[in-house]
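Each chain is listed here by its residues.
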Amino acid sequence: RGTGAVLESWKRIMENTAEIRFTLTGVEARVEGGLGVVTVYEHIYNRHGFERQASGAISTNLFAWDEAAGEWKLFHHHASPTAVPEQDVEGNLLV
């Protein structure tokens, strides 16, 4: 839990992935007072050596406005896997 654990998790993913690419579609953002909600479809392509993978997720991110810091702060992220997006013969996402 917490920022340190999240950053360490992403560091391990990046260190063990030859290539990773995110393409975002369907981005929607809404602000109600001090609450920000962003939903997005993530098309994720990665490669480990010669093995290529594609996956998709629908993500919801909740932000709170921090008046003292003058910035939005992410306080919740949730992603659910979706069907694998279509790819061309070279593994490029067709979006």
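Residues numbered from 1 in each chain as written. Predicted model: local features only at pLDDT ≥ 70, side-chain atom pairs only at ≥ 80, totals over all residues. Heavy atoms only, no water.

Caption draft 1: Molecular detail of the packing of aromatic side chains. Applying the stated criterion to the full structure yields two aromatic pairs. A centroid spacing of 5.3 Å and a plane angle of 65 degrees characterise the contact between Trp65 and Trp72, whose relative ring orientation is edge-to-face. Using a relative accessible area of 34% as the deciding quantity, one classes Trp65 as partly exposed. (Phe/Tyr/Trp six-rings, centres within 6.5 Å; stacked < 30°, edge-to-face > 60°. Buried < 20%, exposed > 50% of the residue type's maximum accessible area, 1.4 Å probe, protein only.)

Caption draft 2: Broad picture of the side chain of Asn46. Locating Asn46 in the fold gives a position in strand E2 (residues 35-48). A relative accessible area of 12% places Asn46 in the buried class. Among residues more than four places away in sequence, those in contact with Asn46 are Thr17, Glu19, Ile20, Glu51, Arg52 and Gln53. (Helix = DSSP H or I, 4+ residues; strand = E, 2+ residues; numbered from the N terminus. Contact = heavy atoms within 4.5 Å.)

Caption draft 3: Structural detail: the layout of surface pockets. Taken as a whole, the largest pocket encloses approximately 530 Å³ of empty space. At the level of elements, helix H1 (3-15), strand E1 (19-32), strand E3 (51-66) and strand E4 (71-82) are the ones that each hand at least two residues to the lining of the largest pocket. Of the residues forming the lining of the largest pocket, the biggest block, six residues, is contributed by H1. Within the lining of the largest pocket, the residues separate by chemical class into eight nonpolar, six polar and one charged. (1 Å grid on protein atoms, 1.4 Å probe; cavity = no way out; pocket = protein on both sides within 12 Å on 5 of 7 lines; lining within 4 Å. Points joined across faces, edges and corners; volume = space filled by probe spheres on them. Nonpolar A, V, L, I, M, F, W, Y, C, P; charged D, E, K, R; others polar.)

Caption draft 4: Layout of the side chain of Glu42. Within the element layout of this structure, Glu42 appears in strand E2. Despite its burial, Glu42 remains without a salt bridge, the nearest opposite charge being carried by Arg21 at 13 Å. Side chain to side chain, Glu42 and Ser59 meet in a polar contact 2.8 Å long. Beyond its immediate chain neighbours, meaning those up to four positions away, Glu42 contacts Thr23, Leu24, Ser55, Gly56, Ala57, Ser59 and His77. (Lys, Arg positive; Asp, Glu negative; His and termini not counted. Salt bridge = Lys/Arg side-chain N within 4 Å of Asp/Glu carboxyl O. Polar contact = N/O pair within 3.5 Å; in protein donor to acceptor, adjacent residues only side chain to side chain.)

Caption draft 5: View of the sheet that holds E1. The strand order across the open sheet formed by four strands is E1-E2-E3-E4, and the pairing between neighbours is antiparallel. Taken across any chain shown, the strands that pair with only one partner, and hence form the sheet edges, are E1 and E4. In this sheet, adjacent strand axes meet at a mean angle of 20 degrees when their direction is disregarded. (Pairing = 2+ DSSP bridges. Axes fitted to C-alpha atoms, helices over the stretch in contact; angles between N-to-C directions.)

Caption draft 6: Expanded view of the environment of Asn16. Mapped onto the elements, Asn16 comes out in the loop between H1 and E1. The sequence separation of Asn16 and Gly49 amounts to 33 residues, and the corresponding C-alpha distance is 9.7 Å.

Caption draft 7: Local environment of the pattern of salt bridges. Under the counting rule described, the total for this entry stands at six salt bridges. The shortest N-O distance in the salt bridge between Glu19 and Arg21 comes to 3.6 Å. Among the residues examined, Glu19 registers a relative accessible area of 27% and is labelled partly exposed. A single salt-bridge network, built from bridges that share partners, covers Glu19, Arg21 and Arg47.

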